[in-house]
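Residues per chain are reported as follows:
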Amino acid sequence: MKWSFAGNRLTPTLTVSAVVVLAILPLVGLSAYNVTILTDFLAYALLAMSINLVAGHAGLLTMAHPAYAGVAAYAVVLLSLHVTQDGVLQLLAALVAGAAAAAATGWITARATKVYFLMLSLAIGEILYVIAVQWRPVTHGSDGLSTYSGMEFFGSGPVVLSGFIYWAALIVFAVLALATVVLTRSPFGSALRGIRDNEARMRSLGYPTARYKYFGWVFSGAVAGGAGWLLVAQQPRLVSPDDMSFQMAGLLLLAVVIGGTGSMWGSCLGAGVLVVMNEVVSQHLNGNGPLVLGIIFVVAVYALPKGIAGIRFRRAERSGGTHTPPGPPEDPTPSGHVEQKREVEAS
Amino acid sequence: MGWFSTNYALLLNGVAMGLLLFMMAVGLTVIFGMLDILNLAHGAFFMVGAYLGYRIAGEATATWGSFALALVTCIAVGAVIGVAFMLMTRPLVARGHMDQALLTLGLALVVSQLLLVVFGKDDHAVAAPGRLSQSVSLFGSAYPAYRLAVIVLGLVVAAGVWLILEKTSAGAIVRATVSDRPMVEACGIDVRTVMTATFAGASALAVVAGLLAGPIQGASSGIGDNTLLLALVVIVIGGLGSVAGTLLGAMIIGLMQSVGVMVAPELASFLTFGAMVLVLAFRPQGLIPARVPVSR
C-alpha cells in the first residue's frame, strides 16, 4: 500500500465541530418535528456510510443494505412489542439482526462481482422487502409495524421526548460512524481497497480475499442494523416495507455514489440531500420530492463522475495541488487512481 | 388426475405468469449479455405498459380496437424509450458499466415517479378486450379466457424471439455481438446500430408485457419493482445470456409463484429466494448456461 491514509488534517476538527453543532441544535429552538427529521438524517447518513464501506472500499455496489436496516428495525419494534423496553438491548438486537441478515445473504460476495453483484444484491434486498410485505402475521404487511413504548436507558423511565432520543441517537451514530471510519483506515481497509482494485493480485499475495470481503460485508450489515435502530428511535416508532423498497435502495446507493464513493463525508452529504428533498422540500413541491431527487441524481451521474467529494479534488489539481484541499474528503487520491484504472478496463 | 382437475387453474396461471416474465427477462438478459448494462429501468418499462393499457384500452371495458391501439402504442413507446436510453448511455460508455447501471437506476426512479404524478397513487384495473373478459368452461369449471389468450400470445412471442435470435441473420448478428463485439465490428457491421435496435426491441417487449399483464394484475406503483425482481431471479436461475435458460427459469418462477401463493402465501417469497440460493450454490452458471460464457 503506497497510499497514506492519514487523511486530511482538517477532517477531524471539522468532524468534531459538525457533531458538536448537531448536538447543540435541539437546544436552540429546533421544533420537535425538525428534531425527528434530524434523527432520520442520522439514520440515513449511517446507512449511507455502511453502503459506502462496501461500495466504496470493497467495490461491492449494494442495493441490499436498506433491507438489512429494515430487518433490524423490525427486530427492534418486535422486541419492544413483545420482550423489553431496554434501549441498549434493542440496539444490540438491531446490530445482531443487521449482521445476521448480512451474514445469511453475504455469500453472494464470493459468487459475483461488478454489475452481476449489483443484480444479486438487488434481488436479495427485494426478496426481504417482499417477505416484509407478505409475512403478515409477523410484519403486518404493508401497514407496517409500530410501537408506542419509549425506550428505557440504564434504569430510566421510558424516554419519549424527541430531544433526548435524538441525543441518544447522536451518540450511537457517532460511535458506529467512528468504528466504520477506523475500519476503513486500518490495514483491513487497505486490504479491501486492494481487493477492489485487483483481486487476483491480492489473492496471489496470500490474502484470503473471499473471507475479507465477507467480513467487511457482515460488519457493514451490523452498521446498517444500527441505522435501522435509529430509523425507529423517534415516536411514532414505525417501520414499514417502504423503508426497504427498490426506491429507497436506489436513492441511497445513488446518494452514496453522488457523495463520492470512498468518502464518508460525501455519503453523509448525499444522505442529507436525500432527507432534505424527501422530507422538507417535498412539501413545497406537492409531494414530488422523489421525482426531483431522481432528476438531480440523473444529472449528477453525468456531471459529477467522482461525486461531491471529487469536486474539491479537481479544483486543487487545477491550482497546482501544492496545498492540501481544505475539504472533508478523507483521501481522494486512491479513488482518483481507481477511476482511471476503471476507465482503462472499460475501454 | 383428480388433483389436476381441481388445481389446473393454478398451473395455467403459473404458465401465463411465466410467459410474461419471459418477455421481461429475455430483454434484460440479452441487453446484459450484449452491452454489459444491467437495465434497472426494465421494471419501470413494465409499469409504463400497464398504465398505457389503463389509459388507452380502458379500465372497465375494452374493445378489440382500443386494446389493439394500446398494443401498437406500447410497441412504439417501448421502442422510443429504448432508443432514448441507448442515446443517454452513450456519454457514459468511456466511464464503465457501473455508471451506466447507476444511470438506469436514476432513470428508473424518474420514470416510475413520473407515472405516479400522471396517474396518481391509486391502483387501477385494466380491461381485457371484447369477449376475452369473460370466462370459458375448462375441465368442468370456469377459467378466465384472457389468461388463455395470454398463454397463446406468450408462446407465440417466445417462439418468435427464439426464431429471430436463432434462425435469422439479424439474430446471428445479435448473438455474435454478445460473444465477440470486436470481431463483428471487423466484419463491417455497425455495432452501435445493432445494440440500439436490440435495446429498442427489448424495451418494447417489456412494455408489451406490462400491457398484457394489466388485465391480470392491474396497474399500480409496485408492479414494476416486483416484476423486475422476479425477472432478475429468472435470469440467475436460467443462466445469464441464455434464451432457453430464461424460458425455463421463467416457467419455474411463474409456477412457483402461483402455486406457492395459493398453498403457503407467507412462504412464497422464501421459495423464490430458496430457488435462487440453490442455483447459485450448486450451479452458478445457471440451469441452461449460454453456449458462449457471458462475463459475470
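Everything below is about the structure printed above this text.
Note that the structure is predicted; figures quoted are calculated from it, not measured. (Residues numbered from 1 in each chain as written. Chains lettered and ligands numbered in written order. Predicted model: local features only at pLDDT ≥ 70, side-chain atom pairs only at ≥ 80, totals over all residues. Heavy atoms only, no water.)

**Considering the interface of chain B and chain A**
Between chain B and chain A, the contact holds 47 residues from the first and 40 residues from the second. For the pair chain B and chain A, the summed buried area comes to about 4,200 Å², and 78% of that belongs to carbon and sulfur atoms. Where chain B touches chain A, the interface holds zero salt bridges. Linking chain B to chain A there are four residue pairs in polar contact (both at pLDDT 80 or more). Elements represented by at least two residues in the side of chain B that touches chain A include exactly α3 (64-89), α4 (97-119), α9 (223-238) and α11 (268-282) of chain B. Of the residues forming the side of chain B that touches chain A, the biggest block, 15 residues, is contributed by α4(B). Of the residues contributing to the side of chain B that touches chain A, the split by class is 34 nonpolar, seven polar and six charged. (Contact = heavy atoms within 4.5 Å. Buried area = accessible area lost by both parts, 1.4 Å probe. Salt bridge = Lys/Arg side-chain N within 4 Å of Asp/Glu carboxyl O. Polar contact = N/O pair within 3.5 Å; in protein donor to acceptor, adjacent residues only side chain to side chain. Helix = DSSP H or I, 4+ residues; strand = E, 2+ residues; numbered from the N terminus. Nonpolar A, V, L, I, M, F, W, Y, C, P; charged D, E, K, R; others polar.)

**Comments concerning unusual backbone geometry**
Residue and element names in this part refer to chain A. A cis amide bond links Q235 with the next residue in sequence, P236, at an omega value of -10°. The topology assignment puts P236 in the loop between α11 (209-231) and β2 (237-239). Phi at H140 is positive, roughly 60°, even though this residue is not glycine. Within the element layout of this structure, H140 appears in the loop between α7 (136-139) and β1 (145-147).

**Observations concerning the packing of aromatic side chains**
Residue and element names in this part refer to chain A. Applying the stated criterion to the full structure yields 12 aromatic pairs over all chains. Here F188 and Y212 contribute two aromatic rings whose centre-to-centre distance is 5.1 Å and whose plane-to-plane angle is 15°, an arrangement assigned as stacked. Here Y212 lies in helix α11 and F188 lies in helix α9 (residues 187-197), a separation of 24 residues in the sequence. Residues F188 and F215 carry aromatic rings whose centres are separated by 5.3 Å and whose planes lie at 85° to one another, so their mutual orientation is edge-to-face. Of this pair, F188 sits in helix α9 while F215 sits in helix α11, and the two are 27 residues apart along the sequence. Taken together, the ring pairs in this structure connect F188, Y207, Y212 and F215 into an aromatic cluster. (Phe/Tyr/Trp six-rings, centres within 6.5 Å; stacked < 30°, edge-to-face > 60°.)

**Quick word on α11(A)**
Compared with an ideal rise of 1.5 Å per residue, which puts 23 residues at 33 Å, α11(A) spans 33 Å between its outermost C-alpha atoms and is within 8% of the ideal. With 17 of 23 residues buried, α11(A) lies mostly within the body of the structure. (Expected span 1.5 Å × (residues − 1). Buried < 20%, exposed > 50% of the residue type's maximum accessible area, 1.4 Å probe, protein only.)

**A look at the packing of α9(B) against helix α10 (residues 243-263) of chain B**
Residues and elements named next belong to chain B. Contact pair α9 / α10: the axes reach a minimum separation of 8 Å and the direction vectors enclose 125°. Relative to α10, α9 is oriented oblique. Note on packing geometry: the crossing formed by α9 with α10 is right-handed. On the side of α9, the interface is formed by L230, V233, V234, I237 and G238, while α10 contributes G245, T246, G249, A250, I252, I253 and Q257. Each residue belonging to the contact of α9 with α10 can be placed in one class, and the counts come to seven nonpolar, five polar and no charged. (Axes fitted to C-alpha atoms, helices over the stretch in contact; angles between N-to-C directions. Parallel < 35°, antiparallel > 145°, perpendicular 65-115°, else oblique. Left-handed = near helix turned anticlockwise from the far one by under 90°.)

**Examining the environment of B:L103**
In this structure, B:L103 sits in helix α4. Judged by relative accessible area, B:L103 falls into the buried class, the value being 0%. The spatial distance from the C-alpha of B:L103 to the C-alpha of B:M88 is 8.6 Å, given a sequence separation of 15 residues. Sequence-distant contacts of B:L103, that is, excluding residues within four places in its chain, are made with A:V298, A:V301, A:Y302, B:M88, B:T89 and B:L92.

**Let's talk about the pattern of salt bridges**
Applying the stated criterion across every chain yields a total of four salt bridges over all chains. Here A:R196 and A:D197 are joined by a salt bridge, their closest N and O atoms 3.0 Å apart. What makes A:R196 buried here is its relative accessible area of 16%. For B:D99, the salt bridge goes to B:R95, with nearest N and O atoms at 2.8 Å. A relative accessible area of 19% places B:R95 in the buried class. One continuous salt-bridge network, built from bridges that share partners, spans A:E199, A:R203 and A:K213.

None of the figures reported here should be taken as evidence of function without further support.
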